[in-house]
Amino acid sequence: MTILVCGSLAFDTIMNFEGRFAEQILPNQLHNLNVSFLVPGLRREFGGCAGNIAYGLRQLGNAVAPLAALGPDGRDYLERMKTLGVDVAHLQTVEDSYTAQAMIMTDRDNNQITAFHPGAMSMAHENPVPARSDIQLAIISPDGRDAMLQHAEQLNKAGIPFMFDPGQGLPMFNGDELSHFIELATWVSVNDYEGQMLCDRTGLTIEAIAQKVKGVIVTLAEYGCDVWEDGQKTNVPGVKASEVVDPTGCGDALRAALLHGLSKGWSLAKSAELGNRIGATKIASRGGQNYTFKA
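Description of the structure in this document. Bear in mind that the values here come from a model prediction, so they are computed numbers and not experimental data.

1. Regarding the overall build of the protein
Working step 1: Helix and strand counts for the protein stand at nine helices and 13 strands.
Working step 2: Relative to a compact globule of 295 residues, whose C-alpha radius of gyration would be 19 Å, the protein shows 18 Å and is just as compact.
Working step 3: Counting over 295 residues, the protein shows a buried share of 54%.
Working step 4: Restricting to contacts in the protein with at least 6 residues of sequence separation, those with at least 24 account for 69%.
Working step 5: For the protein, the distance from the average position of its 23 positive side-chain charges to the average position of its 33 negative side-chain charges is 6 Å.

2. Here we look at the nonpolar core
Working step 1: Counting 34 residues, the largest nonpolar core has Leu4, Leu155, Phe162 and Val216 as the members making the most contacts within it.
Working step 2: If we skip the residues at most four places from it in the chain, Phe162 touches Ala138, Ile139, Ile140, Ala152, Leu155, Asn156, Leu184, Ala185, Thr186 and Trp187.
Working step 3: By size, the runner-up hydrophobic cluster in this structure holds 33 residues, among which are Ile3, Val5, Phe11 and Val227.

3. Things to note about the sheet that holds strand β7 (residues 112-117)
Picture the strands of a sheet paired through backbone hydrogen bonds; they go either parallel or antiparallel.
Working step 1: Taken together, four strands build an open sheet; the order of strands is β3-β2-β6-β7 and the sheet is mixed. The open sheet has two edge strands with one neighbour each: β3 (41-47) and β7. Strand-to-strand twist of the sheet, defined as the mean angle between neighbouring strand axes without regard to direction, takes the value 20°.
Working step 2: Here strand β2 (residues 10-16) pairs with strand β6 (residues 100-106) via seven bridges, running parallel. Within β6, the residue paired with Asp12 across the bridge is Ala102.
Working step 3: The strands touched by helix α3 (residues 75-83) within the sheet are β2 and β3, with β3 carrying the most contacts at an inclination of about 60°.

4. Comments concerning helix α8 (residues 250-263)
Working step 1: Here α8 spans 20 Å end to end across 14 residues, near enough to the 20 Å set by a 1.5 Å rise per residue.
Working step 2: Residues Asp252, Ala253, Leu254, Arg255, Ala256, Ala257, Leu258, Leu259, His260, Gly261, Leu262 and Ser263 constitute the buried set of α8.
Working step 3: Positioned one or two residues after α8, Gly265 has a phi angle of 85°, which is positive.

5. So, the sheet that holds strand β10 (residues 187-191)
Working step 1: In spatial order, the strands read β5-β4-β1-β8-β9-β10-β11-β12-β13; together these nine strands make up an open sheet with mixed pairing. For this open sheet the edge positions go to β5 (91-93) and β13 (232-236), each flanked by a neighbour on one side alone. Averaged over neighbouring strand pairs, the angle between their axes works out to 20° when direction is ignored.
Working step 2: Direction of pairing for strand β8 (residues 135-140) relative to strand β9 (residues 162-164): parallel, over a ladder of three bridges. The residue bridging Ile139 from the neighbouring strand is Met163, located in β9.
Working step 3: Against the sheet, helix α2 (residues 49-59) contacts β1 (2-6), β4 (63-70) and β8, and its axis sits at roughly 165° relative to β4.

Cut-offs applied
Residues numbered from 1 in each chain as written. Predicted model: local features only at pLDDT ≥ 70, side-chain atom pairs only at ≥ 80, totals over all residues. Heavy atoms only, no water. Helix = DSSP H or I, 4+ residues; strand = E, 2+ residues; numbered from the N terminus. Rg over C-alpha atoms; globule rule 2.2 N^0.38 Å. Buried < 20%, exposed > 50% of the residue type's maximum accessible area, 1.4 Å probe, protein only. Contact = heavy atoms within 4.5 Å. Lys, Arg positive; Asp, Glu negative; His and termini not counted. Charge placed at Lys NZ, Arg CZ, Asp CG, Glu CD. Core = buried A, V, L, I, M, F, W, Y, C linked by side-chain atoms within 4.5 Å. Pairing = 2+ DSSP bridges. Axes fitted to C-alpha atoms, helices over the stretch in contact; angles between N-to-C directions. Expected span 1.5 Å × (residues − 1).

Structural measurements only, silent on function.
See below:
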């Protein structure tokens, strides 16, 4: 069976700032911000939520098909996906756009500043959920706004269970739209900041959201995550990384583990345990797609 991953494919330009952002930004000058950060370390990686999640699922042995859009500059990424054994049948090329680009700068405390150009991702809604009998479950991860809305509707109509994990795309939606996503979804996954925003915009508590779906996961960085399932909240402790190298992509590594566990019929809590382990493995490596983990 195949897991469908709806989300972005992007090139990540990752920069390391050896100082602290807080030491360079003057709180009383935020209205007139003009800063420059010296970044001795710079590299370009394959990234984007759909690409990172697909990579993690392949590491765990799952059949996976990303539903995403690339520009003509994304041919190397397409070949990489093929080399990994990813089903690329639903990767659309938008000829007049760049592949999405993320410029990510990380300081010594692992705080990040990101600039993101959506490029071809903005046209991802033109690539509908395929009619395939082998799709077992899916995820709606950060993508173009229209794509997230339409793919959620299409998955629900097709009877395919899916996880709604809006990530950095959450601010694009108002309360009514987010409530509708929850009504369509099978599971909801957010970090603690996103969870608070989701509650503020919908007027629902996490407990109330959990009553509308099979499960809710709220990640808490190094403190693990809270899992709501069957009306009960369980804290799944975090796993300490062997060393902190780069947090880029660790959230997508956790998403891959959640999908892997759910595809095996595991509880959400057990899936989250694996997610914390893989997230710790990822944070101890560089880039979005270069860690190795076997369940």
